Structure formats: C-alpha cells, structure tokens
Amino acid sequence: MIKRMKEKIIHGLFFLNGLLVIAALLGIFLLLIVTALPAFKEIRLSEFLFTAVWDPTSYARPSYGILAMLAGTLLVTCGALLIAVPIGIGTAAYLAEVASPRVREIAKPVVEVLAGIPSVVIGFLGIVLVGPFVARIFHTSNGLNALNGSVLLAIMALPTIISLSEDALNAVPVSFCEASLALGASRWQTVILVKIPAALSGIIASCMLGMGRAIGETMTVLMATGCAQAMPHSFIDPVRTLTATIAIELGEVAYGSTHYYALFAVGLALFIITFMVNLASDVILHKYQNVVK
Amino acid sequence: MKSVKIIKISAGNFSFWYGAMKALSGISMDIYENAVTGIIGPSGCGKSTFLRSINRMNDLIRGSRADGAMLLDGKNIFEPDVDVVELRRRVGMVFQRSNPFPKTIFDNVAYGLRVNGIKDRNYIAAKVEKSLKDAALWGEVKDRLRQNAFELSGGQQQRLCIARALAVEPEVLLMDEPASALDPTATLKVEELIHELKKKYAIIIVTHNMQQAARISDYTAFFMMGELVEYDQTTKIFTNPSKKITEEYITGRFG
C-alpha cells in the first residue's frame, strides 16, 4: 500500500516537472503576444513588416519598419550557413570516416566544448581579429559588417552541425557501407554516394538547429556587425539584426510606450522565425528516424 | 564435374586474428572455378571470417590481421601492392541480410558500374537489365525500376543484391548465408539462381542449413573452432565423411 503511494507521488512529481516546463514555454509565448499586440494599435502590420525604416524616437514621425533588420538577420544567418554547412559536414565526415578512434575521442569533446564559448568572447574575436581581416580583404574602413557576423555565427553553429551530423553518419547501417565497398567502391565514394545521402535528413536537421542558434544569437552580432540602421545591399554592409535591436533599445525605452510594445513585437517575430526553423528540423529528424527503423 | 578442375582460389596455411583472438588457424584449401563450394560449421567456427577474407572485407575491422596466403588466380591478395578496391570488384559479395541501398531499384544495380567510372547511359541500362535477368528478378521489377528498393519483398531484395553484385562482372561470388532470412519459396528461387550462376562464376557459400549445403554445393568444407576439419566433394562429406566429428555435426548431434 505504501509502495503504491510512493509510486503515485513520484509519478505526480515527474508529471509536475513536465507540466512546469510546458507552462513556462506557453507563458513566454503568451507574454510575448500580449505585450506585442498593443503595438499594433498604433502601427499598421504592413508598415511593421514591409517598411525598412526603424526610427521609434523620431519627434516628427516615429517609424517602426523591421524589414531592414529582418534582412540583416537573414543575411547574417544565410552567410553563416554558407560557411558552416560545408565545413561542418566535411568535418563530420572526417570524424566519422577517416579519423582514428583516438583522434575522434579527443576531437569530438573539443568540438562540443567549442559550443560553450560565451558569445561575448566570440564577439570580441570578431572585433579584434575577424573584423580587421575582413576590412583588409575588402578595403573597407572597418570590418564591422554582415560578413564578420556570418563568420562568427558560423563558428558558433559549427559544433552543433559537426556533432549531430557525425551522429547521423554513424547511424547509417554498416550494411550499406559493406555493400558499397564490396562492389568495388572506394571509401570516399561510399561516403559521398551512400552514407551522406542515407544520413541526409539528420544532416539537414543539424544544419537547421545550427541555423536556429545563429538567428537567435545576440551579443556576437551586436558587437561585430556594425549595427547600422539601413537596408543592407551586400555582405560587406554593416547590418543590425532583430536581436541586436531589442538588446540595445529595451533597456532605455519608456515602459508602456508604443516603442516598448514594438520591441516585443520584434521579439515575437524572432520567436516565430526560430520556432518555424526548429519545427522544420524536428519534422525532418522525425522522418529520418522512421526511415532508419 | 569430372572435367579439368581450375583452381580459382587457394588458401595456404591461412590464419586470421581479431586483435588477440585467433579466428582462423592454418586453413589450406583450393576452391574451384565454375563450382559451388559450401562452407558449414557451428556458429563462431570462422566460416564467415574465411569468406570475408577472400574480398578482404575484414580489413574494416580494426586490429584484424591475416597470415599465410590467400591466392586468387595465383596471386596473394594480402600482399601490400594489391588494390583492395579492384579486388572487391573481382570478388563480389552477397550478405546474410539483404542490404539494398535506400535508392531506386535501377540505381541499386547501376551503383557498382557508376563507382567504377562507367558513364555510358545506354551501357548502364543494358547492364542493369541483364543483371536483373541473371538474378531472375527482371520480370518482377521491369515496370518499376524507379521505385525505391525498400518496397520489394525480402526475397526480391536479396535477388536485387545478387543482381547488384553481378552487374560489375565479378569472377568470384561470395555468399554469406544468403537465404537465411528468406521464406522457403524465396530460398528455392535463390538456390535455383545459384545453380545457374555457377556456370559463370566460382561461388562460395556459407550456410547453416545442411540440406541447403547438400542441395546446392559441389564441394563442402566443414569448419570448427577456426580450423578446417574436412573438405571434399559434397556427396562424400554427406554420405561417407572421413572424420567422426563431421558425421556428428551433419547428423545434427551438435551445433
């Protein structure tokens, strides 16, 4: 009897834990919506989404267009993916296929530790190292631009991509590789023609998760991308991302003002983007697991 | 089979280790062209190791080591100048569990050709058709070559794997219990196929199934504890084995 009571209490505790997490997530989402909605009493949704000028403190006519920041976020993120995906998959293939067990045992934890470097440190690297380098190559006055941000975010997304892609490659049944090798395929042909296609959904999912991290990253891009309030036209233009805008302005805004609510609306937009990216990666990952079964 | 017997493969005092574990010790046997050689023996006796030594598939296992000679057409395949990729093209393999790639039926068969650098589409198409016909699968799949290979039944998948191995025109075909995961009808089809294929290839088949070994093989080798106990014509092994332990195994007293 007591044993059953104990079981029930433990069951209840775990249930409460789960509930708490879900409640917290829902709470954040609701808070975002509730705080963001009042912004749209004064700002038209079309202005918010489709105009490029963000000038909430203007005396004459405050404007709240996130298009330029949205473009900045997407530019920096896409650039980061362009750099991180090939390098990440290449490294994962190396770790899964070529590296000796000892190298793998050392390299994989090291890669995963890379994920733990504080973003402010990466941003610092961007200012003192990557920025000047970019400036010299493209002959710009300083290197604080979208490309700099992309390089740094690529560094931050790499651990996720490498680690999960390697897992996906290792999950490919040995029988596929044996079949390929037995037909006279070389090791690299096997990796490229059999293993990577078979692990593709896992690899895509890892890239999406890396992308999710890149989109939401704040401190690094705040420090390294120049924070210019204008529509970017190329990778060497300075940009300001959605996250950087919130981080810069939220501390100084008057509580309850339209500007205040508008910043939450920016947060909501960001939330929706990352949510969709994560959802997509989840769907792909799920499909992948079904295939492997 | 009384005509001239050509030796295709010859193992000479061949031993194999997985790390410190000796899996094969001092195997010496000749394997003939255009014949089916069956390898029987209890689990863990080294018969799969022997089979996988002939195309050096065990190279993939770290810490494995071979000693002695394994001659293919008189050339030791464990010598350092041997191109393993080329060896595996000459010595095809069919695995215990059918393992088609997650690709279309056509691409599965074409894979071996493509990795060997063949680009001529017409040639590939003709070769795929021929291989599927040789594997007695063409009639069942000719209208759905673009379907995923996983949609085939287990028996069809295994015949697809045989077709895939045939496409690269190997000289030897290694089969590791190719029918153990198949139902009786599919098994019969694979056995008939093996009977056809031996006209062109040297076939070596590992099997747990005594009746199967007796039915399809011309020669039978009995392995135990990593050693070759007895090797002779199948009729001799199954009717009048020279060693008592062979008889005990064949009659099912152990194993």
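Fair warning: this is a prediction, and the values are worked out from it, not measured in the lab.

The rules behind each value
- Residues numbered from 1 in each chain as written.
- Chains lettered and ligands numbered in written order.
- Predicted model: local features only at pLDDT ≥ 70, side-chain atom pairs only at ≥ 80, totals over all residues.
- Heavy atoms only, no water.
- Helix = DSSP H or I, 4+ residues; strand = E, 2+ residues; numbered from the N terminus.
- Buried < 20%, exposed > 50% of the residue type's maximum accessible area, 1.4 Å probe, protein only.
- Contact = heavy atoms within 4.5 Å.
- Areas by Shrake-Rupley, 256 points an atom, 1.4 Å probe, with all protein chains shown as cover.
- Lys, Arg positive; Asp, Glu negative; His and termini not counted.
- Charge placed at Lys NZ, Arg CZ, Asp CG, Glu CD.
- Buried area = accessible area lost by both parts, 1.4 Å probe.
- Salt bridge = Lys/Arg side-chain N within 4 Å of Asp/Glu carboxyl O.
- Polar contact = N/O pair within 3.5 Å; in protein donor to acceptor, adjacent residues only side chain to side chain.
- Nonpolar A, V, L, I, M, F, W, Y, C, P; charged D, E, K, R; others polar.

J.: Even after reading the chapter, I still don't get the overall build of chain A, so can you show me in this structure?
T.: In terms of helices and strands, chain A carries 13 helices and two strands. Along the longest, intermediate and shortest principal axes, the C-alpha atoms of chain A span 75 × 75 × 30 Å. Scored against the burial criterion, the 293 residues of chain A give a buried share of 43%. For chain A, the share of sequence-separated contacts (at least 6 apart) that also reach a separation of at least 24 residues comes to 72%. For chain A, the accessible area works out to roughly 15500 Å², and carbon and sulfur atoms hold 72% of it. Positive and negative charge centroids in chain A, built from 17 and 15 side chains respectively, lie 9 Å apart.

J.: In this structure, what is going on with the interface of chain B and chain A? I would like to understand it.
T.: Reports of interface size often rely on the accessible area that becomes lost once the parts have come together. Contact with chain B, which involves 25 residues of that partner, is made by 20 residues of chain A. Counting each side, the surface lost to burial between chain B and chain A is near 1700 Å², with a carbon and sulfur contribution of 66%. It is Arg62, Tyr111 and Val115 of chain B in chain B that bury the most area against chain A; as a group they hold 29% of the surface buried on that side. At the surface where chain B touches chain A, the tally comes to one salt bridge. Among the salt bridges present, the one from Glu178 of chain A reaches Arg52 of chain B, with a minimum N-O distance of 2.7 Å. Our count for the contact surface shared by chain B and chain A stands at five residue pairs in polar contact (both at pLDDT 80 or more). For the side of chain B that touches chain A, the secondary structure elements donating two or more residues are α2 (84-90), β6 (91-94), α3 (105-115) and α6 (154-167) of chain B. For the side of chain B that touches chain A, a count of residues per class yields 14 nonpolar, five polar and six charged.

J.: Sorry, what's going on with the environment of Phe235 of chain A here?
T.: All names here are of chain A. On the secondary structure map, Phe235 appears in the loop between α11 (219-224) and α12 (242-249). Residue classification places Phe235 among the partly exposed positions, given a relative accessible area of 31%. For the pair Phe235 and Cys207, spaced 28 residues apart in sequence, the C-alpha separation works out to 21 Å. With near-sequence residues (within four places) excluded, Phe235 lies in contact with Leu75, Gly79, Asn145, Ala146, Leu147 and Ser150.

J.: Sorry if this is basic, but what is going on with the side chain of Glu217 of chain A here?
T.: All names here are of chain A. Mapped onto the elements, Glu217 comes out in the loop between α10 (200-216) and α11. Notably, Glu217 is buried but unbridged: the nearest opposite-charge side chain belongs to Arg213, and the N-O separation is 4.9 Å. Among the polar contacts made by the side chain of Glu217, one reaches the side chain of Thr220 at a distance of 3.1 Å. Aside from chain neighbours lying at most four places away, what touches Glu217 is Ser119, Leu153, Met156 and Thr243.

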